Amino acid sequence: MTNRLPWWMGGILLSGLLLLTFSIYGADRPIGASTYVPYFAGVIFDLDPDKYSYLKEIKNAGSWEGVMLFGSLVGGFVTSIFITKSFRLSLIPTAWKKYKNGSIISRLIWSFIAGFIMIIGARLAGGCTSGHFMSGMSQLAISSMIFGTVVMISLLITGRYFYNTKKDK
Amino acid sequence: MDIVVVTEGQDLLSRVAQMMENVIHQGHGSLALVFLIGIIFGGIIQYTRVDKFEKIAGFAMLKDTIVPKMLFLTVGLTSIGLYFMIKVGWAHYHIKPIIWQGLIIGGILFGIAMAILGKCPGTGPVSIAEGRIDVLVGAIGGLIGGLVFTLYYDDFFKPLMGDSLGKLTLLDFFKGHEDLVILIFGIVVTLIAILIPKVELFDDADLSKLPDEARPDKK
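It should be emphasised that the depicted structure is a prediction, and the values quoted were computed from it without experimental measurement.

I would appreciate a short explanation of the side chain of Ser135 of chain A in the present structure.
Residue and element names in this part refer to chain A. By secondary structure assignment, the location of Ser135 is in helix H7 (residues 129-138). Given the relative accessible area of 0%, Ser135 is considered buried. Those residues in contact with Ser135 that lie beyond four places of it in its chain are Leu18, Phe22, Pro30, Ile31 and Ser130.

Okay, here's the thing in structure tokens:
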């Protein structure tokens, strides 16, 4: 058995999963993966769901994605142990050491900041890579195409200037 | 089968139980199915290794193109499949509204964060599941972000998002030619996925546990 799936197999499988999720015999909704974050924030920081309008708005989507998230933690864990053999505890990615710096503290601080900005951004736009890019573009939604274009530009500019990309030459 | 669970408490466990109850009663698949969708999703993401920092941050540096290739292929195939499923009544569109300010400000922030963290909200949890502690710290940042967003939604974030201009799709601009437009879109996007040159940034720490013949970087 191969230890890594090629990109085209991943694309075909993800497409099958998306179609199953969309179908009325499946879940009759798109896949999304950022609404669960404020939902969990509400649970963990013990916010009263009746008091905050946003928690009321995301009650259904947030809990759906929350359950899906538990599933993907299990799926990811099992696959990393038994198939790709890539489970290991680590604090800093190899490419971060190469193209940014070797400091664990720097990686952790930037991770925290990026995580914070990421969720604010996703919730402002109403979706993320899964909800907008994957599910939204598959429905030819104009909103998702706008989001996808802006993210692509912002991602590439950040990649260009945040990292020292010339290092391997 | 109707399951009724009494879940009225405010403690953490009851709120997780309420979450499951919400899923059971909202009619978007059974609890087991939603969980299974998650397992398969996590499995695919892990098995293709697109949750790695080297894949997303690597794409931001244009040193790896697996993520866009896989994403565009998924979109190309799904767009055609979904359209015909909707035609025969097996699915519905669920379009997100056009909120210009929200999409642009949100997109800029999201892109910056994705390049730095090297994950997105879907792939992040999968890499936490395989032991990436730096991403767990990112997730805590994300939870604080979710908290701030919830607390200041009415006063700050909702006005910042601007008004919705409706839920348009590309098909609305080509009334009467939907079949043709969807085929062209699906095929063009699939071709883009195939034509993007394949570049890969490998992580030795990830591959060193594998025997040499199983390593994709030594082929």
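On we go.
Help me understand helix H2 (residues 31-48) of chain B, please; the structure alone is not making it clear to me.
Look at H2 of chain B: 26 Å from first C-alpha to last across 18 residues, which is about the 26 Å you get at 1.5 Å a residue. Turning to H2 of chain B, the residues buried within the fold contact helix H1 (7-22), helix H4 (59-82) and H7 of chain A together with helix H1 (12-25), helix H4 (66-87) and helix H6 (123-129) of chain B. Just past H2 of chain B, the residue Arg49 of chain B takes up positive phi, approximately 65°.

Just checking my understanding: could you explain the interface of chain B and chain A for this structure?
Where the parts come together, the accessible area they lose is often given as the size of the interface. Of the residues lining the interface, 130 residues belong to chain B; the matching set on chain A comes to 130 residues. When the two sides are added together, the surface that chain B and chain A hide from each other amounts to roughly 11900 Å², 74% of it contributed by carbon and sulfur. Our enumeration of links across chain B and chain A arrives at 4 salt bridges. A salt bridge links Arg107 of chain A to Asp134 of chain B; the nearest nitrogen and oxygen atoms lie 2.7 Å apart. Taken together, chain B and chain A are joined by 47 residue pairs in polar contact (both at pLDDT 80 or more). When residues of the side of chain B that touches chain A are assigned to their parent elements, the largest contribution, 17 residues, is made by helix H5 (residues 100-117) of chain B. In terms of residue class, the side of chain B that touches chain A is built from 82 nonpolar, 31 polar and 17 charged.

Before we go on, may I ask you to explain the pattern of salt bridges in this structure?
Side-chain pairing between opposite charges can occur once the charged atoms of the two side chains come close. Inspection of the entire model under this criterion finds 17 salt bridges over all chains. Where Asp51 of chain B meets Arg49 of chain B, a salt bridge forms, and the shortest distance between an N and an O atom there is 3.0 Å. Arg49 of chain B matches Asp51 of chain B in its accessibility class, with the two residues each being buried. Put simply, Glu130 of chain B and Arg49 of chain B hold a salt bridge, and the shortest N to O gap is 2.9 Å. Placement of the pair is Glu130 of chain B in the loop between H6 and helix H7 (133-151) and Arg49 of chain B in the loop between H2 and helix H3 (53-60), with a sequence separation of 81 residues. Residue Glu130 of chain B is classed as buried on the basis of its relative accessible area of 0%. Connected via shared salt-bridge partners are Arg4 of chain A together with Arg49, Asp51, Glu130, Arg132 and Asp206 of chain B.

I keep staring at the nonpolar core and nothing clicks. Help me out?
Proteins that are soluble and globular tend to have nonpolar side chains buried together. Tyr163 of chain A together with Ile37, Phe41, Phe110, Met114 and Phe149 of chain B are the most contacted members of the largest nonpolar core, which totals 100 residues. Broken down by element, this core gets its largest block of residues, 10 residues, from H4 of chain B.

Can you walk me through unusual backbone geometry in this structure?
Across residues other than glycine, the phi torsion is negative in most instances, and most of the peptide bonds are trans. Residues and elements named next belong to chain A. One non-glycine residue, Asp28, adopts positive backbone phi at about 50°. Position of Asp28 among the secondary structure elements: in the loop between H1 and helix H2 (36-44). We note that Asp46 has phi near 55°; this positive angle belongs to a residue other than glycine. Relative to the elements of secondary structure, Asp46 occurs in the loop between H2 and helix H3 (53-57). For Asp46, a relative accessible area of 47% corresponds to the partly exposed category.

Just checking my understanding: could you explain the side chain of Lys52 of chain B for this structure?
Secondary-structure assignment places Lys52 of chain B in the loop between H2 and H3. On the basis of relative accessible area, Lys52 of chain B is assigned to the buried category, the value being 6%. Ignoring any residue separated from it by four or fewer positions in sequence, one finds Lys52 of chain B in contact with Arg88 of chain A together with Gly118, Lys119, Arg132, Asp203 and Asp206 of chain B.

What counts and how
- Residues numbered from 1 in each chain as written.
- Chains lettered and ligands numbered in written order.
- Predicted model: local features only at pLDDT ≥ 70, side-chain atom pairs only at ≥ 80, totals over all residues.
- Heavy atoms only, no water.
- Helix = DSSP H or I, 4+ residues; strand = E, 2+ residues; numbered from the N terminus.
- Buried < 20%, exposed > 50% of the residue type's maximum accessible area, 1.4 Å probe, protein only.
- Contact = heavy atoms within 4.5 Å.
- Expected span 1.5 Å × (residues − 1).
- Buried area = accessible area lost by both parts, 1.4 Å probe.
- Salt bridge = Lys/Arg side-chain N within 4 Å of Asp/Glu carboxyl O.
- Polar contact = N/O pair within 3.5 Å; in protein donor to acceptor, adjacent residues only side chain to side chain.
- Nonpolar A, V, L, I, M, F, W, Y, C, P; charged D, E, K, R; others polar.
- Core = buried A, V, L, I, M, F, W, Y, C linked by side-chain atoms within 4.5 Å.

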